[in-house]
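Observations on the three-dimensional arrangement
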4 protein chains.
Amino acid sequence: MITKRRPSLKPRKVPQQSRAEHTVAAIREAAAGILETRGMEGLNTNLVAKRAGVSVGTLYQYFPNKDALIVALSLRQQAAFYAEAEGALDQPTGQTALKYLITVSVHQQLRRPALARALDFEEGRPAIAKELGTSKAAFQALTHRILARDDIPPQDNIEIATDDALAIVRAVVDAAGERGEVDRGALERRVGRALFGYLGISALDPAKSRARRKPSL
Amino acid sequence: MITKRRPSLKPRKVPQQSRAEHTVAAIREAAAGILETRGMEGLNTNLVAKRAGVSVGTLYQYFPNKDALIVALSLRQQAAFYAEAEGALDQPTGQTALKYLITVSVHQQLRRPALARALDFEEGRPAIAKELGTSKAAFQALTHRILARDDIPPQDNIEIATDDALAIVRAVVDAAGERGEVDRGALERRVGRALFGYLGISALDPAKSRARRKPSL
Amino acid sequence: MITKRRPSLKPRKVPQQSRAEHTVAAIREAAAGILETRGMEGLNTNLVAKRAGVSVGTLYQYFPNKDALIVALSLRQQAAFYAEAEGALDQPTGQTALKYLITVSVHQQLRRPALARALDFEEGRPAIAKELGTSKAAFQALTHRILARDDIPPQDNIEIATDDALAIVRAVVDAAGERGEVDRGALERRVGRALFGYLGISALDPAKSRARRKPSL
Amino acid sequence: MITKRRPSLKPRKVPQQSRAEHTVAAIREAAAGILETRGMEGLNTNLVAKRAGVSVGTLYQYFPNKDALIVALSLRQQAAFYAEAEGALDQPTGQTALKYLITVSVHQQLRRPALARALDFEEGRPAIAKELGTSKAAFQALTHRILARDDIPPQDNIEIATDDALAIVRAVVDAAGERGEVDRGALERRVGRALFGYLGISALDPAKSRARRKPSL
DNA sequence: AATGAATGAGCTTTCATTCAT
DNA sequence: AATGAATGAAAGCTCATTCAT
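- With an unreviewed UniProt entry as reference, chain A is termed AcrR family transcriptional regulator, source organism Caballeronia udeis.

Here it is, written out as structure tokens:
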């Protein structure tokens, strides 16, 4: 069905009372739970409202349409992700920063793997992606800054490398989530190998790669 | 509603007349086209039928339900993929076999990138995955055999490695497809770096990795 | 198609506002009217909704599916029937109780004969019968208690006799309904003759049958 | 759905070759089998054709539409019934004739109870009833002649009595069929009691009722 | 005569969204 | 602000029937 006028996906109103805050949280959590257990095809606004213990009308008071719900969920997840990931910038080297990023990714994606995967897919839909633009840009900028560090081999096209890096991390972690893996350490090492390999950092001796590659520094 | 036996997702009848053969092809192509341009949410059986120039009834004559359409599309793509990929087994070494596999992946995924990505996602849905089991198993077996070659470092868990390898290839190629990349060579090199890195094959000197790693043999 | 949980045939939600109450009544009456005039083959949910002056969606808000409509109609009719029929237990003898039952049957079945006949048939469908189990059981229990009175000749198998008695009453009354009969008195007498004959009560002198049959008591 | 022009329900062509004869029989038997096991809602022309081992086109060659199939089934059953029932006319008295009729009814209805019941209902549909008019009339005439015998008490309205008699027999036998009864003797006795009671023949001493009622003869 | 591919009106059901209360 | 009854477009699917081969 073609939606006639597609209204903004931003929350309709900002909850100003704690009751409203609680309501919004309940709706969000209900949606997350459904997405997690039944996937996108099992998610419908009436069900979300019921699970949240509010009426549909109330849901539409805070979310102008269904997509806005997805956007809210994504935004919340990405915000949490970004908040943690920012710590990578404090790392001394690019490589430790990348490892930091991997740890954060694994941690976030494995907290609620099914939810994370469902959102990952929805974020690909143009209607959703559009709303997530700035959030994604922030993330890319962060990765970009890390990849630009001088212990990371220069990439042909750093934008592409950024995209690829995120895609690789996501792919391996999602596969792990699907399998129900819980051993984060092993997962982080696997992700690390793929990512460092991609970036051209020798897996054998990552700590010395800068020295080896740029001996004169 | 009365619970109906869930019909198999296999084609309902095998077309026996050439007219029917043509009809089935038209339906399949219409479905592929829609999936490509509008994604799963834009795919509906009435539209597929119309685009194929047949009536809905005809569509249901060959595909017992909507999912069966997806399955047929996936199966067809996987068959084409597998047919090409099998050539990897004729390669002299594991590493050349992997490269062969990457080339095939890139080639296949980049022919109709949007379609490939849409199918990749749908294949994750349990209802679809179930039907694709054997096809997927064949693919895993193939990859497994390559990873078991002795110029590929032994993996902790070869099943997981197989899964991860396929996920990594897919992730990078899908990202490229989303971006609209066309330079296959560059893409293959990037995929290769990630994959070889993951498997612990030095990107600097892949040809000698066996010798270096197992000097006493 | 994906197998869906077969939803219960019970009403989906109990109307809590008087508007809803009215809506449900309108739907039920529309369904009854259609069933009456066009039979089951003419009954479809879109038509019911239109005739009720509501949208299909509203119909499905109160009845999870088409069969639930039939069940609701049956239940309502049976409840009315049972409420009246219970009075039979207050009758002094088994025979007067039976006559009372016949009167009630004739009265109920002849109010809307076409509807009654249509429902009688639908109640035979397993899907419907299942939901009507307890209602039917109540009715059987009532008849059972009457047949067990001591002015009714003992039956070989009282369960069968109960079933048969109900079937006979229904058959004769339905036939009358089909013919468009309106003379209740004559109809009651005919039903009485069949039923009393079946039970082995002499039609010539029913009042004295107990004395005649069990003289030593 | 309203059928546009309702064509005659008579068989389109009379099979003139034995192969065609066989085909028609196969179709009829397939339809009967489906009606028996799945009821009217499970009966569809495509399925009938498949089960009969012919194409739908062939089915439509012999039966102009679905209803014609039902009519053919009914006609065949009624013909068999009537052929046997005619023997009743050779009975010496009305009462023995009635008993004969009951025996035949029980025999016929219990051969394929589910089929018989399904057809009984379908025969009530106006579209079908219309085609069965003469067959039904023959049956009524037969019953009429029996009821007019002078050892049967005169009925107020012999047409109604005829209808009622058939309805009563059918009701009790159908109930038995639904229950899965197989003891014909007991069933015949129960039917007899209801029918004789209805007609005002004393169950206590049926053999002498003529003498008692019409002593001067 | 037979086949079976094709048709398409029509049916059931869902669910995002609105709006009177 | 909240409710929840109501809406109705739209989707999936069936099946009686036709007709080219």
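Moving on from the model shown.
A few points about the overall build of chain A
- When you go through chain A residue by residue, the secondary structure sums to 10 helices and zero strands.
- From first element to last, N terminus to C terminus, chain A shows the α and β order α-α-α-α-α-α-α-α-α-α.
- A separation threshold of at least 6 residues defines the contact pool for chain A, and within that pool the share at least 24 residues apart is 69%.
- In the structure as shown, chain A presents an accessible area of about 11,100 Å², 53% of it carried by carbon and sulfur atoms.

A short note on helix 8 (residues 158-179) of chain B
Residues and elements named next belong to chain B.
- In this model, helix 8 (22 residues) spans 31 Å end to end at C-alpha, consistent with the 32 Å of a helix rising 1.5 Å per residue.
- A large share of helix 8 lies buried, amounting to 16 of its 22 residues.
- Where helix 8 begins, one side-chain oxygen reaches toward the backbone nitrogen of Glu159, 2.9 Å away; that side chain belongs to Asn157.
- One or two steps after helix 8, the chain reaches Gly180, where phi turns positive at roughly 85 degrees.

Some points on the pattern of salt bridges
- Applying the stated criterion to the full structure yields 52 salt bridges over all chains.
- D:Glu41 is the partner of C:Arg125 in a salt bridge, and the nearest nitrogen-oxygen pair spans 3.5 Å. Here C:Arg125 is found in the loop between helix 6 (113-122) and helix 7 (126-147), whereas its partner D:Glu41 is found in the loop between helix 1 (18-38) and helix 2 (45-52) on a different chain.
- C:Arg125 gets classed as buried once you look at its relative accessible area, which sits at 13%.
- Since its relative accessible area comes to 57%, D:Glu41 is described here as exposed.
- One network of salt bridges, with partners in common, ties together A:Asp163, A:Asp164, B:Arg179, B:Glu181 and B:Arg190.

Some remarks on the relation of the copies chain A and chain B
- Note on the identical chains: chain A maps onto chain B by a rotation of 179 degrees and an axial translation of 0.1 Å, with an RMSD of 0.2 Å. Look at the turn and shift together and you get a two-fold axis relating the two. Looking at the rotation axis and the C-alpha trace of chain A, the residue lying nearest is A:Gly197, at 1.9 Å.

Considering the UniProt feature "domain: HTH tetR-type" (unreviewed entry) in chain A
- With numbering matched to this structure, UniProt assigns "domain: HTH tetR-type" (unreviewed entry) to residues 21-81 of chain A.
- Structurally, residues 21-81 of chain A comprises 80% helix and 0% strand, and the distance from its first C-alpha atom to its last is 21 Å.

Topic: the UniProt feature "DNA-binding region" (unreviewed entry) in chain A
- Mapped onto this structure's residue numbering, the UniProt feature "DNA-binding region" (unreviewed entry) falls at residues 44-63 of chain A.
- Regarding residues 44-63 of chain A, the helix share stands at 75% and the strand share at 0%, and the terminal C-alpha atoms are separated by 13 Å.

Focus: the confidence of the model for chain A
All names here are of chain A.
- When pLDDT is averaged across chain A, the result is 86; 85% of the residues are at 70 or more.
- Ranking the helices and strands of chain A by mean pLDDT puts helix 2 (residues 45-52) first, with 96, and helix 10 (residues 209-213) last, with 41.
- Segment residues 1-6 is flagged for pLDDT under 50; beyond a separation of four residues in sequence, or across chains, it makes two contacts in the model.
- pLDDT under 50 marks residues 204-217. Its contacts with residues more than four places away, or in other chains, come to 18 contacts.

Points about the interface of chain A and chain B
- Taken together, the contacts link 23 residues of chain A with 23 residues of chain B.
- The junction of chain A with chain B conceals about 2,100 Å² of combined surface from both sides, 59% of it contributed by carbon and sulfur atoms.
- If you look at where chain A meets chain B, you find eight salt bridges.
- B:Asp164 serves as the salt-bridge partner of A:Arg190, at 2.5 Å between the closest nitrogen and oxygen.
- Linking chain A to chain B there are 11 residue pairs in polar contact (both at pLDDT 80 or more).
- Elements supplying a minimum of two residues to the side of chain A that touches chain B: helix 8 (158-179), helix 9 (184-199) and helix 10 of chain A.
- For the side of chain A that touches chain B, the leading source of residues is helix 8 of chain A, giving nine residues.
- Residues of the side of chain A that touches chain B, tallied by class, amount to 10 nonpolar, three polar and 10 charged.

A few points about the domain arrangement of chain A
All names here are of chain A.
- The domain boundaries assigned to chain A delineate domain 1 (18-64) and domain 2 (73-203).
- Between domain 1 and domain 2, the C-alpha centre-to-centre distance is 28 Å.
- Buried area between domain 1 and domain 2, both sides added, is near 780 Å², and the carbon and sulfur share of it is 63%.
- The three residues of domain 1 that bury the most area against domain 2 are Arg28, Leu35 and Glu36, which together make up 65% of that side's buried surface.
- Between the two partners, domain 1 and domain 2, sit two salt bridges.
- For Glu29, the salt bridge identified is with Arg112, shortest N-O distance 3.0 Å.
- Joining domain 1 to domain 2, the criterion identifies two residue pairs in polar contact (both at pLDDT 80 or more).

Topic: the packing of aromatic side chains
All names here are of chain A.
- What the rule picks out here adds up to 10 aromatic pairs over all chains.
- Look at Phe81 and Phe139: their rings are 4.9 Å apart centre to centre, the planes differ by 55 degrees, and that puts the pair in the tilted class. One end of the pair, Phe81, is in helix 4 (residues 66-85); the other, Phe139, is in helix 7 (residues 126-147), and 58 residues separate them in sequence.
- On the basis of relative accessibility, which here comes to 15%, the residue Phe81 falls in the buried class.

Comments concerning helix 2 of chain D
Residues and elements named next belong to chain D.
- Within helix 2 the residues assigned to the buried category are Thr45, Leu47, Val48, Ala49 and Ala52.
- Buried residues along helix 2 sit in contact with helix 1, helix 3 (56-62) and helix 4 (66-85).
- Two to three positions downstream of the cap, the backbone nitrogen of Asn46 sits 3.1 Å from a side-chain oxygen, assigning the N-cap of helix 2 to Asn44.
- Where helix 2 ends, the next residue or the one after it, Gly53, has phi of about 75 degrees, a positive value.

Some points on the packing of helix 4 of chain D against helix 6 (residues 113-122) of chain D
Residues and elements named next belong to chain D.
- Put simply, helix 4 and helix 6 touch, their axes get as near as 10 Å, and they point 115 degrees apart. The two elements helix 4 and helix 6 meet at a crossing, and its hand is left-handed. The residues of helix 6 that touch helix 4, namely those facing Ile70, Leu73, Ser74 and Gln77, are Ala116, Leu119 and Glu122.
- Of the residues assigned to the contact of helix 4 with helix 6, the class counts are four nonpolar, two polar and one charged.

Conventions and cut-offs
- Residues numbered from 1 in each chain as written.
- Chains lettered and ligands numbered in written order.
- Predicted model: local features only at pLDDT ≥ 70, side-chain atom pairs only at ≥ 80, totals over all residues.
- Heavy atoms only, no water.
- Helix = DSSP H or I, 4+ residues; strand = E, 2+ residues; numbered from the N terminus.
- Contact = heavy atoms within 4.5 Å.
- Areas by Shrake-Rupley, 256 points an atom, 1.4 Å probe, with all protein chains shown as cover.
- Expected span 1.5 Å × (residues − 1).
- Buried < 20%, exposed > 50% of the residue type's maximum accessible area, 1.4 Å probe, protein only.
- Polar contact = N/O pair within 3.5 Å; in protein donor to acceptor, adjacent residues only side chain to side chain.
- Salt bridge = Lys/Arg side-chain N within 4 Å of Asp/Glu carboxyl O.
- Least-squares fit on C-alpha atoms with pLDDT ≥ 70 in both.
- UniProt positions renumbered as here; feature names shortened; annotations may be inferred.
- pLDDT = per-residue confidence, 0-100.
- Buried area = accessible area lost by both parts, 1.4 Å probe.
- Nonpolar A, V, L, I, M, F, W, Y, C, P; charged D, E, K, R; others polar.
- Domains from an automatic or database assignment.
- Phe/Tyr/Trp six-rings, centres within 6.5 Å; stacked < 30°, edge-to-face > 60°.
- Axes fitted to C-alpha atoms, helices over the stretch in contact; angles between N-to-C directions.
- Left-handed = near helix turned anticlockwise from the far one by under 90°.

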